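Listed here are the chains, written in short residue letters.
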Amino acid sequence: QVQLVESGGGLVQAGGSLRLSCAASGSILIIYNMGWYRQAPGNRRELVARITRGSSTDYADSVKGRFTISRDNAKNTVFLQMHNMKAEDTAVYYCNADIVADFSGNSPRSDYWGQGTQVTVSS
């Protein structure tokens, strides 16, 4: 029932900006932590940024000062604002969320992933 859908990916020149969005939908009761991960060809999936429900944030060293993660709890949405993008930011970006969902009275807490959105930075 729960789905995460990313949007906002695309092609951008080095030094440019993109804003990613991820909207969670379904029978959601609570979303705890949310995060953005990325995976470049030949690389492992890595954490880019994460944010708690209380909006505490954490960033990979490679994106500190350039990326900002934020969330709108009322809309079950998390954002990743990316500035001063570099070629090494090129990857598929995945949204992740720790969600308590409501399935016919049951309320399991599970990790959910979006389908990914491609971000390509031209050098």
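All figures in this text were calculated on a predicted structure; none of them were measured in a lab.

In this section: the overall build of the protein chain. What the protein chain contains, in helices and strands, is zero helices and 11 strands. Over its C-alpha atoms the protein chain spans a radius of gyration of 14 Å, differing by no more than 12% from the 14 Å that the globule rule assigns to 123 residues. Expressed along its principal axes, the backbone C-alpha trace of the protein chain runs to roughly 50 × 25 × 20 Å. Taking all 123 residues of the protein chain together, 42% fall into the buried category. Summing over all exposed atoms, the protein chain offers an accessible surface of approximately 6,400 Å²; the carbon and sulfur share of this is 44%. Side chains of the protein chain give 12 positive and 10 negative charges; the mean places of these two sets differ by 2 Å.

Next up on the list: the pattern of salt bridges. Scanning the entire structure with this criterion turns up six salt bridges. A salt bridge links Arg 109 to Asp 98, with the shortest nitrogen-to-oxygen separation between them at 2.7 Å. Of this pair, Arg 109 sits in strand β10 (residues 109-113) while Asp 98 sits in strand β9 (residues 91-101), and the two are 11 residues apart along the sequence. Owing to a relative accessible area of 13%, Asp 98 belongs among the buried residues under this scheme. Among the ionic contacts, a cluster of salt bridges with common partners joins Arg 38, Glu 46, Arg 66 and Asp 89.

The subject of this paragraph is unusual backbone geometry. Phi is positive for Asn 76, which is not a glycine, with a value near 50°. By the secondary structure assignment, Asn 76 is in the loop between β7 (67-72) and β8 (77-82). Phi angles above zero are rare outside glycine, and Asn 84 is one such case at about 50°.

For the rest of this paragraph, the subject is the nonpolar core. Counting residues in hydrophobic clusters, the biggest one holds 33 residues, and the most contacted among them are Trp 36, Leu 80, Met 82, Tyr 93 and Ile 99. Elements with a minimum of two residues in this core: β3 (18-25), β4 (28-39), β5 (46-51), β7, β8, β9 and β11 (117-122). The biggest single contributor to this core is β9, with six residues. With residues near it in sequence (within four places) discarded, Tyr 93 still touches Glu 6, Leu 20, Trp 36, Tyr 37, Arg 38, Val 48, Phe 67, Leu 80, Met 82, Gly 116, Thr 117 and Val 119.

This next bit is on the packing of aromatic side chains. Counting across every chain of the model gives one aromatic pair. Over the ring of Tyr 94 we find Arg 45; its NZ or CZ atom is 5.1 Å from the centre of that ring. Here the guanidinium or amino end of Arg 45 rests over the ring plane of Trp 113, the centre of that ring lying 5.5 Å away.

With that settled, consider the sheet that holds β8. A sheet is described by the order of its strands in space; here four strands give the open sequence β1-β3-β8-β7, paired in antiparallel fashion. A single partner strand is all that each edge strand has here, and the edge strands are β1 (3-7) and β7. Between one strand axis and the next, the sheet turns by 15° as a mean value, whatever way the strands run. As paired elements, β3 and β8 share six bridges and run antiparallel to each other. Residue pairing across strands places Ser 21 opposite Phe 79, the latter belonging to β8.

Conventions we followed
- Along every chain, residues carry numbers that run from 1 in the direction the sequence is written.
- For a predicted model such as this one, the threshold for reporting local features is a pLDDT of at least 70, and the threshold for listing and counting side-chain atom pairs is 80 or more; totals across whole chains, interfaces and linings nevertheless cover every residue.
- Side-chain figures throughout are based on the complete set of non-hydrogen atoms in the structure, without hydrogens or water.
- For helices the rule is a DSSP run of H or I covering at least 4 residues; for strands it is a run of E covering at least 2, with both sets numbered from the N terminus onward.
- Radius of gyration: C-alpha atoms only; globule rule: 2.2 Å multiplied by the number of residues to the exponent 0.38.
- Buried, partly exposed and exposed residues are distinguished by accessible area as a fraction of the type maximum, computed with a 1.4 Å probe on protein chains only: under 20%, between the cut-offs, and over 50%, respectively.
- Areas reported as accessible are Shrake-Rupley estimates using a 1.4 Å probe. Residue values count occlusion only from the protein chains shown.
- We count Lys and Arg on the positive side and Asp and Glu on the negative side, and we leave His and both chain ends out.
- Charge positions come from single atoms, namely NZ of Lys, CZ of Arg, CG of Asp or CD of Glu.
- Every case where a carboxyl oxygen of Asp or Glu lies within 4 Å of a side-chain nitrogen of Lys or Arg is listed as a salt bridge.
- Remark: nonpolar core denotes a set of buried residues (Ala, Val, Leu, Ile, Met, Phe, Trp, Tyr, Cys) joined through side-chain atoms within 4.5 Å.
- Between two residues, a contact is recorded if the distance between any of their heavy atoms is within 4.5 Å.
- Pairing of aromatic rings covers Phe, Tyr and Trp, the last through its six-membered ring, and needs centres within 6.5 Å; plane angles under 30 degrees mean stacked, over 60 mean edge-to-face, and all others mean tilted.
- Either the NZ atom of lysine or the CZ atom of arginine qualifies as a charge over a ring when it sits within 6 Å of the ring centre and within 35 degrees of the ring normal.
- Should DSSP find at least two bridges between two strands, the strands are regarded as paired.
- The axes are straight lines fitted to the C-alpha atoms, using for helices just the contacting stretch, and the angles between their N-to-C directions are given from 0 to 180°.

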